[in-house]
Amino acid sequence: MDNEMKSRKMWIADQGDGTYRNPILYTDYSDPDAIRVGEDYYMVASSFSNAPGVPLLHSRDLVNWKVVNYCMERLPYDRYDKPAHGCGAWAPAIRYHEGVYYVFVPFPDEGILMCRTTDPFGKWEEPVCVKRNRGWIDPCPFWDDDGKAYLVNGFANSRIGFKSALYISPLSPDGAAVLGGGDGGCFVYDGHATQPTIEGPKLYKRNGYYYIFAPAGGVKTGWQTVLRSRYIYGPYEEKIVMHQGSSSVNGPHQGAWVDTPEGEDWFLHFQDVGNAGRIVHLQPMKWVDDWPVIGVDEDNDGCGEPVLQYRKPRTGVSQSPDAPEDSDTLKGETLGLQWQWNANYRREWYSPERDGLKLYAQQVEEGLPLCDVPNLLLQKWPAPEFTVTACLGLDAMEDGDVCGMVSLGGRYDGILVCRRGGRLFLHQRTGLLADRKEKDTELEAFSGSRLYLRMRVEAESRISWEAGDSEECLHPVGEATEALPGRWVGVKSGLTAIHEGPGPCGHVTAEGFLYGKT
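We now turn to the structure provided with this report. In this text, all values refer to a predicted model and were calculated from it rather than measured experimentally.

## Details of unusual backbone geometry
Okay, so step 1: Of note, the amide linkage connecting Asn22 to Pro23 takes the cis form, showing an omega dihedral of 0°.
Okay, so step 2: Tracing the backbone shows Pro23 in the loop between β1 (19-21) and β2 (33-37).
Okay, so step 3: Between Ala51 and the following residue, Pro52, the backbone shows a cis peptide bond with an omega angle of 0°.
Okay, so step 4: Mapped onto the fold, Pro52 is located in the loop between β3 (40-44) and β4 (53-59).

So, in structure tokens, the structure goes:
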């Protein structure tokens, strides 16, 4: 399958003519936050219970991004050795202060954690807990001109029993702990009356004003609100600065203000499109009477709406059209950065080698639903429609091994090859994440040393499958299903190798995971 790696990336935002189209990332990098350091831009996003956690993306023009690292090699609590759908690393914030990069990550059930480094492309320090609590989310640190540090956050109603409020705490100058007796801070804004479900706050300072950028109104139906005050603890004025308007961009939700060395202002945010997750948009931004206006404000009322195509930012740096990696030959010494596991992973699960990625079948408890298997190797959807083809070498499978391709969302699905009594059989397993009631259907017997599997995604929701002993001889298998988004996340696709029952475990060799057009 190597010759197919020449295929283009599935979604390119850069139009090659000095313009870009939104979304700049048709990929589930939810709750993005970003900063500029010199001529470099860095973005982080939620990763929930997947590992490694908290992806770090890099760009030099705000349009073309690559995944370059993860801030957490593994999630720091034992519960994440198993999938914990919807839990884990929620909306992080990234900041740079006096030569150090900081990423603050809320774990809604455990507390607020902080990772830091002086080299974002290198190893990040192990996370430390700056505030142990439940229900504090969306933290963002801020260092003031006098060296004092603060932390703003929102609240998760599902954990703490209320929402629509923002809180600011004093923070130690090294970012390692929330300060003060008791809570050490105060509520600075109540949005119940005019800005319901206000969350995702980002704290900045400009022209003597403290600004809190925060979406309100809900993920799929809301807008961008900005608060400002002359004093860090308020009182804060409010203004809606971007809404959907007549555009097709619902939300638009949580994001980050960044500027360029050329003096331009831009805003990154996400849009929830369901099965593909929370995809990333880039909007122009300007200041009018010390209020930001995001997007295009054609009626000059101070509230913009999103653009679908626009000129690229003037960053002073030229960057060729590109996107995060999607296709992978799986032949090499390391696992590509597009991959994450369904839980904290173990190195004995896999071995990247020159002839392919060996996936070692892991013993699972009887009746464990496919969605709760820790060693699902997954990546995000890269486009609204696509095919993805995998090749599996089966010679080393043992009786009891179950290996194949999976789709994981609110509805999960997999075409799996099972070895029983020395023979191979194709199965389809489907279920709903909400109830874990799984349907396992035997499809056909299979003979051969290689199995090609193809998943086809059409109209952003319909998933169908093909299988065969060569890429030229694929035929439809199983039933088509309608995808459903997961818990706060889009649908992911990937591979797995498990072992059911007694006996020794074998392995499969994955020789490619390649995307194409439908």
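Let's pick the thread back up.
## Focus on the side chain of Lys9
Okay, so step 1: Topologically, Lys9 is positioned in the segment before β1.
Okay, so step 2: One polar contact links Lys9 to Asp322, side chain to side chain, over a distance of 2.9 Å.
Okay, so step 3: Leave out the neighbours within four places in its chain, and Lys9 touches Lys66, Asp322, Ala323, Pro324, Glu325 and Asp326.

## Section: the nonpolar core
Okay, so step 1: Counting 82 residues, the largest nonpolar core has Ile24, Phe213 and Leu268 as its most contacted members.
Okay, so step 2: No other element matches the 5 residues that strand β20 (residues 278-288) contributes to this core.
Okay, so step 3: Excluding anything up to four places from it in sequence, Ile24 contacts Trp11, Ala13, Leu62, Val63, Trp65, Leu268, Val280, His281 and Leu282.
Okay, so step 4: Met72, Ala89, Val103 and Leu113 belong to the second largest nonpolar core, which has 22 residues in total.

## Remarks on the layout of surface pockets
Okay, so step 1: Estimates place the volume of the largest pocket at around 540 Å³.
Okay, so step 2: If you go around the largest pocket, you meet 17 residues; those closest to its centre are Arg95, Phe142, Leu203, Tyr204 and Lys205.
Okay, so step 3: Counted by class, the lining of the largest pocket contains 10 nonpolar, 1 polar and 6 charged residues.

## Overview of the pattern of salt bridges
Okay, so step 1: Under the criterion given, the structure shown has 35 salt bridges.
Okay, so step 2: Note that Lys66 is salt-bridged to Glu325, the shortest N-O span being 2.3 Å. Of this pair, Lys66 sits in strand β5 (residues 66-72) while Glu325 sits in the loop between β22 (309-311) and β23 (340-341), and the two are 259 residues apart along the sequence.
Okay, so step 3: In this structure, Asp272 and Arg278 form a salt bridge, with 3.7 Å as the shortest nitrogen-oxygen distance. For the pair formed by Asp272 and Arg278, the shared burial category is buried.

## Quick notes on the packing of aromatic side chains
Okay, so step 1: Under the definition given, this model contains 34 aromatic pairs.
Okay, so step 2: Between Tyr42 and Tyr101, the aromatic rings sit 5.4 Å apart at their centres with planes inclined by 75°, giving edge-to-face as the arrangement. Of this pair, Tyr42 sits in strand β3 while Tyr101 sits in strand β7 (residues 100-107), and the two are 59 residues apart along the sequence.
Okay, so step 3: The buried category is assigned to Tyr42, whose relative accessible area is 4%.
Okay, so step 4: Owing to a relative accessible area of 7%, Tyr101 belongs among the buried residues under this scheme.
Okay, so step 5: Each ring, one from Trp341 and one from Tyr345, has its centre 6.3 Å from the other, and the planes form 25°; the classification is stacked. Summarising the burial analysis for this pair, Trp341 and Tyr345 share the class buried.
Okay, so step 6: Site record: aromatic cluster; members linked through ring pairs are Tyr204, Tyr209, Tyr211, Phe213, Trp257, Phe267 and Trp287.
Okay, so step 7: The ring of Tyr350 is capped by Arg347, whose NZ or CZ atom sits 4.3 Å from the centre of that ring.

## Structural notes on the sheet that holds strand β35 (residues 475-482)
Okay, so step 1: With antiparallel pairing, 7 strands are arranged side by side in an open sheet as β24-β25-β37-β28-β33-β34-β35. Every interior strand has two partners, whereas the edge strands, β24 (350-353) and β35, have only one. Here the strands of the sheet are splayed against their neighbours by 25° on average, with no regard to which way each runs.
Okay, so step 2: Pairing of strand β28 (residues 386-393) with strand β33 (residues 450-458) involves 8 bridges; the strand directions are antiparallel. Across the sheet, Gly393 pairs through a bridge with Arg450, a residue of β33.

## Some details on the sheet that holds strand β17 (residues 237-242)
Okay, so step 1: Read from one edge to the other, the open sheet built from 4 strands follows the order β14-β15-β16-β17, with strand pairing classed as antiparallel. For this open sheet the edge positions go to β14 (202-206) and β17, each flanked by a neighbour on one side alone. Taken over all neighbouring pairs, the strand axes of this sheet differ in orientation by 30° on average, direction set aside.
Okay, so step 2: Across 5 bridges, the pairing between strand β16 (residues 223-229) and β17 is antiparallel. What sits directly across from Gln224, in β17, is Met242.

## Quick notes on the pairing of strand β11 (residues 149-155)
Side-chain positions along a regular strand alternate between the two faces of the sheet.
Okay, so step 1: Where burial is concerned, most of β11 is hidden: 7 out of the 7 residues are buried.
Okay, so step 2: The side-chain alternation of β11 yields two buried faces, one formed by Ala149, Leu151, Asn153 and Phe155 and the other by Tyr150, Val152 and Gly154.
Okay, so step 3: Direction of pairing for strand β10 (residues 136-143) relative to β11: antiparallel, over a ladder of 6 bridges. Within β11, the position partnered with Trp143 by the bridge is Ala149.
Okay, so step 4: Hairpin connection, β10 to β11: the antiparallel pair is bridged by 5 residues, and Gly147 has positive phi, about 90°.
Okay, so step 5: Two strands pair when backbone bridges link them, and β11 and strand β12 (residues 165-171) are joined in this way by 5 bridges, in the antiparallel orientation. Paired with Ala149 across the strands is Leu171, a residue of β12.

Calculation criteria
- Residues numbered from 1 in each chain as written.
- Predicted model: local features only at pLDDT ≥ 70, side-chain atom pairs only at ≥ 80, totals over all residues.
- Heavy atoms only, no water.
- Helix = DSSP H or I, 4+ residues; strand = E, 2+ residues; numbered from the N terminus.
- Polar contact = N/O pair within 3.5 Å; in protein donor to acceptor, adjacent residues only side chain to side chain.
- Contact = heavy atoms within 4.5 Å.
- Core = buried A, V, L, I, M, F, W, Y, C linked by side-chain atoms within 4.5 Å.
- Buried < 20%, exposed > 50% of the residue type's maximum accessible area, 1.4 Å probe, protein only.
- 1 Å grid on protein atoms, 1.4 Å probe; cavity = no way out; pocket = protein on both sides within 12 Å on 5 of 7 lines; lining within 4 Å.
- Points joined across faces, edges and corners; volume = space filled by probe spheres on them.
- Nonpolar A, V, L, I, M, F, W, Y, C, P; charged D, E, K, R; others polar.
- Salt bridge = Lys/Arg side-chain N within 4 Å of Asp/Glu carboxyl O.
- Phe/Tyr/Trp six-rings, centres within 6.5 Å; stacked < 30°, edge-to-face > 60°.
- Lys NZ or Arg CZ within 6 Å of the ring centre and 35° of its normal.
- Pairing = 2+ DSSP bridges.
- Axes fitted to C-alpha atoms, helices over the stretch in contact; angles between N-to-C directions.

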